[in-house]
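Survey of secondary and tertiary structure
Chain by chain, the residues:
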Amino acid sequence: MYKEFGISANIEELAEKVENEIEPIYKKIEKISEYNSLKVLKAFQKYEISEMHFNQTTGYGYGDIGRDTCEKVFAEVLGAEDSLVRGQFISGTHALTVALFAFLRPGDTMLSITGKPYDTLDEVIGIVENKSSLKSFGINFEQIDLKENKFDYEAIEKVLNSKKIKLIEIQRSKGYSTRKSITINELEEVIKFIRKIDKDVIIMIDNCYCEFVSTKEPLEIGADVIVGSLIKNLGGGIAPNGAYIAGKKELINLAAERLTVPGEGREVGPSLGITKSILQGLFMAPSVVASSLKTTVFASRMLEKLGFDVEPKYDDERADIVQTINFNDENKLIKYCQGIQMGSPIDSNSIPEPWDMPGYTDKVIMAAGAFTQGSSIELSCDGPIRPPYTAFMQGGLTYEYGKLGVLKAIENMEQ
């Protein structure tokens, strides 16, 4: 079967050796998955989810019991006072944008302590000029870069003691940078540090790619609000679109009124039949995240064995489902991404090429033969065409499919 799939005997042999070596890591991932599965199951049972919650609403969406109960389930699972879980969110970036415009006012200052946020927020913040940006409304932005992949505590203290900061944004996943992602333990430490200096500042976490990677979520360790996409971890590969904002009730109310209409807020927004997919996706999410993590651990060790610089290493503590591989070669990056596409169930006959993608400063190659367009919990791989030519790989609905995709990518690159 491997031969028919175009996998050579030497790659197959290496894969078998690697799997035997990383088996103890898989066991740890499975234990985390079991814990998070219990957390989800308890929330479903607490709110007595039944078939009536799958009914759809249209129009204004008044009295949508399925939508409202779904948001209670998400809040319970994430350790939040409240949550906003909607298909009206186009993406994680959209949810982050809604949150920032909801919480910040003209004259306020937003501080990122993980360097520049993800590229798609450049025009939202005003790093790249846009007449609809936060900057155009008189909202200020400052950033503190990580120092050797750690929070710069000295710089954070200096800024917080010298001026009034309304909101601190922490992006846990690395985005298109070569820094390390932020683990839950590192996050807990910096939140405690911030609270000693300023107990009122809003601490907002971009939690994309990070849900269910550990047994804790940021709200459980002192964050005020978290934001994520449903075509990443928590959608479990089933939710067709959407995102969530979860945290303190007063903040969720502000976000709801920014998403819809002041005075109506969360009371409007029809489910249009998506609630079942969202709930089923959440139910599957612990297992799917575990499969994704196993896929990235496998890829990390395989590519390290082949001589490439990888981060995280296969046995490092993981903060998210993202695996980076530095190819230091434009052609190898392109060939690897094209191989991921070849190993996908959808559009496997398509050949991705670098292109000028909206929201990005460099050309980007993106491979994602996914059932849901742009889904990052399904096996995908992308990277900006700039040195050191780094691939950002994530996802895998099942480990078996994820492994096959990685093997196909390696074979295509090696050829």
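Residues numbered from 1 in each chain as written. Predicted model: local features only at pLDDT ≥ 70, side-chain atom pairs only at ≥ 80, totals over all residues. Heavy atoms only, no water.

Regarding its fold elements, the protein chain presents 10 helices and 12 strands. Relative to the compact-globule value of 22 Å for 415 residues, the protein chain shows a C-alpha radius of gyration of 21 Å, a close match. In terms of overall dimensions, the protein chain has C-alpha extents of about 65 × 55 × 40 Å along its principal axes. Expressed as a percentage of the 415 residues in the protein chain, the buried residues total 56%. The contacts of the protein chain with a sequence gap of at least 6 include a subset with a gap of at least 24, amounting to 70%. Entry remark: accessible area of the protein chain is about 18000 Å², with carbon and sulfur atoms responsible for 50%. The distance from the centre of the 47 positive side-chain charges to the centre of the 61 negative ones in the protein chain is 3 Å. (Helix = DSSP H or I, 4+ residues; strand = E, 2+ residues; numbered from the N terminus. Rg over C-alpha atoms; globule rule 2.2 N^0.38 Å. Buried < 20%, exposed > 50% of the residue type's maximum accessible area, 1.4 Å probe, protein only. Contact = heavy atoms within 4.5 Å. Areas by Shrake-Rupley, 256 points an atom, 1.4 Å probe, with all protein chains shown as cover. Lys, Arg positive; Asp, Glu negative; His and termini not counted. Charge placed at Lys NZ, Arg CZ, Asp CG, Glu CD.)

Below, the discussion takes up the packing of helix α5 (residues 153–162) against helix α6 (residues 184–197). As a packed pair, α5 and α6 sit with axes 10 Å apart at the nearest point and diverge in direction by 30°. One way to sum up the angle between α5 and α6 is to call them roughly parallel. Of the two elements, α5 crosses α6, and the hand of that crossing is right-handed. Contacts between α5 and α6 involve Tyr153, Ile156, Glu157, Leu160 and Asn161 from the former and Glu186, Glu189, Val190, Phe193, Ile194 and Ile197 from the latter. Of the residues assigned to the contact of α5 with α6, the class counts are seven nonpolar, one polar and three charged. (Axes fitted to C-alpha atoms, helices over the stretch in contact; angles between N-to-C directions. Parallel < 35°, antiparallel > 145°, perpendicular 65-115°, else oblique. Left-handed = near helix turned anticlockwise from the far one by under 90°. Nonpolar A, V, L, I, M, F, W, Y, C, P; charged D, E, K, R; others polar.)

Before going further, it helps to examine the nonpolar core. Counting residues in hydrophobic clusters, the biggest one holds 99 residues, and the most contacted among them are Ile113, Phe298, Leu303 and Tyr336. Apart from residues lying up to four places away in sequence, phenylalanine 298 is in contact with Ala15, Val18, Glu19, Ile22, Tyr26, Tyr399, Lys403, Val406 and Leu407. Of all hydrophobic cores here, the second largest spans 29 residues; its members include Ala95, Leu96, Val98 and Ala256. (Core = buried A, V, L, I, M, F, W, Y, C linked by side-chain atoms within 4.5 Å.)

What follows concerns α6. Note that an α-helix has 3.6 residues per turn; residues three or four places apart therefore point the same way. Taking 1.5 Å of rise per residue, 14 residues should cover 20 Å, and α6 covers 21 Å from first to last C-alpha, within 8% of that figure. Buried residues of α6: Ile184, Glu186, Leu187, Glu188, Val190, Ile191 and Ile194, and no others. Buried residues along α6 sit against α5, β4 (167–171) and β5 (202–206). (Expected span 1.5 Å × (residues − 1).)

On to the sheet that holds strand β3 (residues 140–143). Spatially, the seven strands line up as an open sheet ordered β1-β7-β6-β5-β4-β2-β3, and their pairing is mixed. Two strands lie at the open edges of the sheet, namely β1 (82–86) and β3, each paired on one side alone. Neighbour to neighbour, the strand axes of the sheet diverge by 20° on average, direction disregarded. Bridge analysis of strand β2 (residues 109–112) against β3 gives four bridges, and the strand direction is parallel. Counted as the bridge partner of serine 112 is glutamine 143 from β3. (Pairing = 2+ DSSP bridges.)

Looking at where arginine 172 falls in the secondary structure, it is placed in the loop between β4 and α6. Buried and unpaired, arginine 172 has glutamate 217 as its nearest opposite-charge partner, separated by 4.8 Å. (Salt bridge = Lys/Arg side-chain N within 4 Å of Asp/Glu carboxyl O.)

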